[in-house]
Amino acid sequence: MSQLLAREKRFPFPIPYGWFHVGLDNEVAPGEIKPVRYFGQELVLWRSESGDLHLQDAYCPHLGANFGAGGEVVGDGIKCPFHHWVFNGEGRVIEIPYAKRLNEKACVRTYPLAVRHGIVMAWYHPQGIAPLYELPFVAELDDPDYVTPLTTVHTIKTCIQEMGENTADGAHFVTVHGHPGSAEYGNFEFRDHFMIMESSQVFPSSGGPVEGTLKSTSVGFGWAEVRYQTLIDVCMLTTNVPVDEETVMQYFHVSYKNPERDPKIDRIGAAFNKEVNRQLTDDAFIWENKRYEPSPKLCDGDGPIARYRKWAQQFYAEGV
């Protein structure tokens, strides 16, 4: 048996369905094609000349040429570099330059998109099912009292369910992040595609331990709004995307309230942003070197990990 076949998988999960981060709205100009790889597949993110953004499979259904390698945008369509078939934003063929009839069976898989606060989110479902829920807007990110978000991306060799489990793991805030005390959960709710957590915690700071509250609202695996009330009010939007079954890209978009643009608050906000990203690297080291334990031996201080895992099962169309 080859080493590839013999390698034990660390995680038993397929790629889940949901809304996931696939780009920023200002990254793709009209007429531009951007090759990307998400969901274990080669894709193209492209914008028509009239300004509409699309995410589609990278390979032409005719004979498999890659739109991202020599293809071009023509009007509101994308042209294959091989035989110059043109497909529209819905994936239908609209032009074959040398044919008398269009082959209407030739379609390119297209992924629904939603733009939130300049972030392009794509709906992925392995069976091509239309979106089962919608994404919210984050009030703070449209509030002029809050600063423009500071965005940082991390690429981590893990699966997306393992990352989400940290929300339910109150003990790790002490053991991994060095918080002065465990999270005290005031509310933990699993409802439909929502996971809502409210806690009080003691956070580390350069001036010593600081008491505060944290509220996290996850919408599926790809979107989470995290609100901190400590020395300042912080709203952090977290967006994720599975690159494949064992690689995730996670984006932190950190904003904080500073209506007067007080330099002191800016310094605290910058320090918070630095610290929350540092703490993620602590998590990433654990995630990249652990495996999923399907039957964990838990104790009474571990948090609602079993409830989290039951909630997470709904996002796997193929079952786990």
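Residues numbered from 1 in each chain as written. Predicted model: local features only at pLDDT ≥ 70, side-chain atom pairs only at ≥ 80, totals over all residues. Heavy atoms only, no water.

Participant: Teacher, can you tell me more about the sheet that holds strand S4 (residues 53-57) here?
Facilitator: Each strand in a sheet pairs with another by means of backbone hydrogen bonds, the pair being arranged parallel or else antiparallel. With antiparallel pairing, 4 strands are arranged side by side in an open sheet as S2-S3-S4-S9. Bordering the open sheet on either side are strand S2 (33-38) and strand S9 (110-111), each of which pairs with just one other strand. Both S4 and S9 contribute to a ladder of 2 bridges, which runs antiparallel. Paired with Leu 55 across the two strands is Tyr 111, which belongs to S9. (Pairing = 2+ DSSP bridges. Helix = DSSP H or I, 4+ residues; strand = E, 2+ residues; numbered from the N terminus.)

Participant: Help me understand a negative patch on the surface in this model?
Facilitator: A contiguous patch of negative charge on the surface is contributed by Glu 49, Asp 52, Asp 76 and Glu 90. As for its position among the elements, Glu 49 is in the loop between strand S3 (41-47) and S4. (Patch = residues over 30% accessible without salt bridge, like charges linked within 9 Å, V, L, I, M, F, W, Y side chains within 5 Å. Areas by Shrake-Rupley, 256 points an atom, 1.4 Å probe, with all protein chains shown as cover. Salt bridge = Lys/Arg side-chain N within 4 Å of Asp/Glu carboxyl O. Lys, Arg positive; Asp, Glu negative; His and termini not counted. Charge placed at Lys NZ, Arg CZ, Asp CG, Glu CD.)

Participant: Would you mind going over the state of the cysteines with me for this structure?
Facilitator: In a disulfide, the sulfur atoms of two cysteines are covalently bonded to one another. This model, assessed by the stated rule, comprises 0 disulfides. The thiol sulfur of Cys 60 is not disulfide-bonded, and the nearest other cysteine sulfur, from Cys 80, lies at 3.9 Å. Residue classification places Cys 80 among the buried positions, given a relative accessible area of 2%. (Disulfide = S-S within 2.5 Å. Buried < 20%, exposed > 50% of the residue type's maximum accessible area, 1.4 Å probe, protein only.)

Participant: What am I meant to see in helix H4 (residues 263-289) here?
Facilitator: Owing to its 3.6 residues per turn, the α-helix brings residues three or four apart onto one side. When the terminal C-alpha atoms of H4 are compared, their 40 Å separation across 27 residues agrees well with the 39 Å that a helix rising 1.5 Å per residue should span. What H4 keeps buried is the set Gly 269, Phe 272, Asn 273, Val 276, Asn 277, Gln 279, Leu 280, Asp 283, Ala 284 and Trp 287. Those residues of H4 that are buried lie in contact with strand S12 (150-156), helix H2 (160-164), helix H3 (172-175), strand S16 (223-229), strand S17 (233-244) and strand S18 (247-256). Capping of H4 at its N-terminal end is provided by Asp 262; its side-chain oxygen lies 2.8 Å from the backbone amide nitrogen of Lys 264. (Expected span 1.5 Å × (residues − 1). Contact = heavy atoms within 4.5 Å. Polar contact = N/O pair within 3.5 Å; in protein donor to acceptor, adjacent residues only side chain to side chain.)

Participant: What is the right way to read the sheet that holds S12 from this model?
Facilitator: If you walk across this open sheet you meet the 7 strands as S12-S18-S17-S16-S15-S14-S13, and the pairing is antiparallel. A strand with exactly one partner marks an edge of an open sheet, and here the two such strands are S12 and strand S13 (184-191). Neighbour-to-neighbour, the strand axes of this sheet turn through a mean angle of 15°, independent of strand direction. In this sheet, strand S15 (residues 210-219) lies alongside strand S14 (residues 194-203) in antiparallel orientation, the contact comprising 10 bridges. The partner of Met 197 across the bridge, within S15, is Ser 216. Most of the contacts of H4 go to S12, to which it runs at about 10°, and overall it touches S12, S16, S17 and S18. Running over the sheet, helix H5 (residues 305-312) touches S13 and S14 and is turned about 20° from S13. (Axes fitted to C-alpha atoms, helices over the stretch in contact; angles between N-to-C directions.)

Participant: I keep staring at the layout of surface pockets and nothing clicks. Help me out?
Facilitator: A water-sized probe rolled over the atoms picks out the places where empty space is left. Quantified by volume, the largest pocket comes out at close to 970 Å³. Lining the largest pocket are 48 residues, with Leu 214, Tyr 228, Met 236, Val 276 and Gln 279 sitting closest to its centre. By volume, the second largest pocket is sized at about 350 Å³. What lines the second largest pocket is a set of 17 residues, and nearest its centre among them are Glu 165, Asn 166, Asp 169, Lys 290 and Ile 305. Listing elements by their share of the lining of the second largest pocket, those giving two or more residues are H3, H4 and H5. Among the elements that make up the lining of the second largest pocket, the one with the highest residue count is H4 (3 residues). Residue composition of the lining of the second largest pocket, by class: 6 nonpolar, 3 polar and 8 charged. (1 Å grid on protein atoms, 1.4 Å probe; cavity = no way out; pocket = protein on both sides within 12 Å on 5 of 7 lines; lining within 4 Å. Points joined across faces, edges and corners; volume = space filled by probe spheres on them. Nonpolar A, V, L, I, M, F, W, Y, C, P; charged D, E, K, R; others polar.)

Participant: It is not clear to me how the pattern of salt bridges should be interpreted in this structure. Could you clarify?
Facilitator: Think of it this way: side chains of opposite charge can pair up when their charged atoms draw near. All chains considered together, the criterion is met by 14 salt bridges. Between Lys 34 and Glu 27 there is a salt bridge, with the nearest N and O atoms lying 3.0 Å from each other. Among the residues examined, Glu 27 registers a relative accessible area of 34% and is labelled partly exposed. Between Glu 225 and Arg 227 there is a salt bridge, and its shortest N-O distance comes to 3.1 Å. Given the relative accessible area of 24%, Arg 227 is considered partly exposed. Linked through salt bridges whose partners overlap, the residues forming this network are Arg 37, Glu 42 and Asp 244.

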